[in-house]
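So the chains spell out like this:
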Amino acid sequence: MNEYFKNKRVLVTGYEGFLGSNLSKILVDLKASVFGLDIVTNRKDSILKNDYKNIQIINGDVADFNKTVNIIVKNKIEIIFHLAAESLVGKAFADPRNTFTTNICGTWNILEASRISKTVKSIVVASSDKAYGSHNRLPYKEKAPLFGSHPYDVSKSCADLLAYSYFKTYGLPVCVTRCGNIFGPGDFNFSRIIPDSIKSMILNKTLIIRSDGKYTRDYIYVDDIVSGYLILAVKMNELKIHGEAFNFSNENPISVLNLVKLISKINGKSKLSYEIKNKAEKEIKHQYLSASKAKKVLKWQPEHSLEQGLEKTIAWYQNYFLKKSL
């Protein structure tokens, strides 16, 4: 894989986001020719601050079809990681129109622009475990129906189906990823439970838990997701698996409350206090994934346990907040 991406012309949409910045950083290390598209660029706290010089930065919106086509065709893009999306469930609930525009329209723009292009060889579209909606049978496997009910979930179900449609109808070389809850360095969305817990612990504040604390999810360290994306991009043509979806998970579901207690235990220095509000709206109660297909077909394995990932993440945030206070 180290040689595969060398000099490849790679587009990362949403490159400034949490996953996008971590993925772009590794692609730079792999000597790819990285093009980054985002509506906000050169973010002050980005983990890419030392890598910006090695990324061809493009300010723009995937919902702008003409710009999207121009970027892909003009730059002769070969590989696309489509991550640009409204990724926060709360924001999607408050502003469904913007969510549908970005997550659905943005995805078909990328797919249609790739169809027009003569150079795109592989496309990885980021879907979500939320695309499955709510099912009684757990863990979710890739053949489970896509049954989103609420704005964010539905937007991901639609984007997922669009990708399959472009493969089935036009033979587009596209695969879809559905991941558990990703965590790690560079996530500045403090409405998410892991960064919010760590921030509250470091700053000695009370963590507010919106749900009853019993919601169950699987959490996976960002480096393991990045490796999954890269392996998928490399193998989709070799294995002729276009049109398929892959779950990436550490297959270790945990409740919100037990996760918070684990973070506090790993830190050890200060006890994390929390308050349960039990006011979560329109969210799935229990959701976690089987990654057996990715392990079998792609030979992918997560390298970090939940505890190992949390240890690295806590250390990163401690350093981040220390620098902020100086």
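Residues numbered from 1 in each chain as written. Predicted model: local features only at pLDDT ≥ 70, side-chain atom pairs only at ≥ 80, totals over all residues. Heavy atoms only, no water.

### Focus on the pairing of strand β5 (residues 122-126)
Working step 1: Counting buried residues along β5, five of its five residues qualify, which places the element largely inside the surrounding structure.
Working step 2: Residues of β5 alternate between two faces, with Ser122, Val124 and Ala126 on one and Ile123 and Val125 on the opposite face, all of them buried.
Working step 3: In this sheet, β5 lies alongside strand β4 (residues 79-82) in parallel orientation, the contact comprising four bridges. Bridge pairing links His82 to Val125 in β5. (Buried < 20%, exposed > 50% of the residue type's maximum accessible area, 1.4 Å probe, protein only. Helix = DSSP H or I, 4+ residues; strand = E, 2+ residues; numbered from the N terminus. Pairing = 2+ DSSP bridges.)

### Notes on the nonpolar core
Working step 1: Within the largest apolar cluster, 40 residues are counted, with the highest numbers of intra-cluster contacts made by Phe5, Val12, Leu27, Phe81, Tyr229 and Leu298.
Working step 2: Listed by contribution, the elements that provide at least two residues to this core are β1 (9-13), α1 (18-29), β4, β5, β6 (174-179), α7 (222-238), β11 (245-248) and α9 (292-298).
Working step 3: Residue contributions to this core peak at ten residues, all from α7.
Working step 4: For Phe5, the contacting residues outside a window of four places in its chain are Val10, Leu27, Leu30, Lys31, Ala32, Ile79, Phe81, Leu230, Ala233 and Val234.
Working step 5: Ranked by size, the runner-up nonpolar core spans 25 residues in total, among them Tyr221, Leu272, Leu310 and Tyr317. (Core = buried A, V, L, I, M, F, W, Y, C linked by side-chain atoms within 4.5 Å. Contact = heavy atoms within 4.5 Å.)

### Considerations on the packing of helix α2 (residues 65-74) against helix α4 (residues 96-116)
Working step 1: Running from amino to carboxyl end, α2 crosses α4 at an angle of 45°, the nearest separation of the two axes being 9 Å. Taken together, the axes of α2 and α4 lie oblique to each other. Viewed along their axes, α2 and α4 form a crossing whose handedness is right-handed. The segment α2 lies against α4, with Phe65, Thr68, Val69 and Ile72 engaging Asn109, Ile110, Glu112, Ala113, Ser114 and Ile116.
Working step 2: In the contact of α2 with α4, the residues fall into six nonpolar, three polar and one charged. (Axes fitted to C-alpha atoms, helices over the stretch in contact; angles between N-to-C directions. Parallel < 35°, antiparallel > 145°, perpendicular 65-115°, else oblique. Left-handed = near helix turned anticlockwise from the far one by under 90°. Nonpolar A, V, L, I, M, F, W, Y, C, P; charged D, E, K, R; others polar.)

### Overview of the environment of Tyr170
Working step 1: Examined against the element boundaries, Tyr170 turns out to sit in helix α5 (residues 151-170).
Working step 2: Relative accessible area serves as the criterion here: at 45%, Tyr170 is assigned to the partly exposed category.
Working step 3: Taking C-alpha positions, Tyr170 is 30 Å from Asn2, a pair spaced 168 residues apart along the chain.

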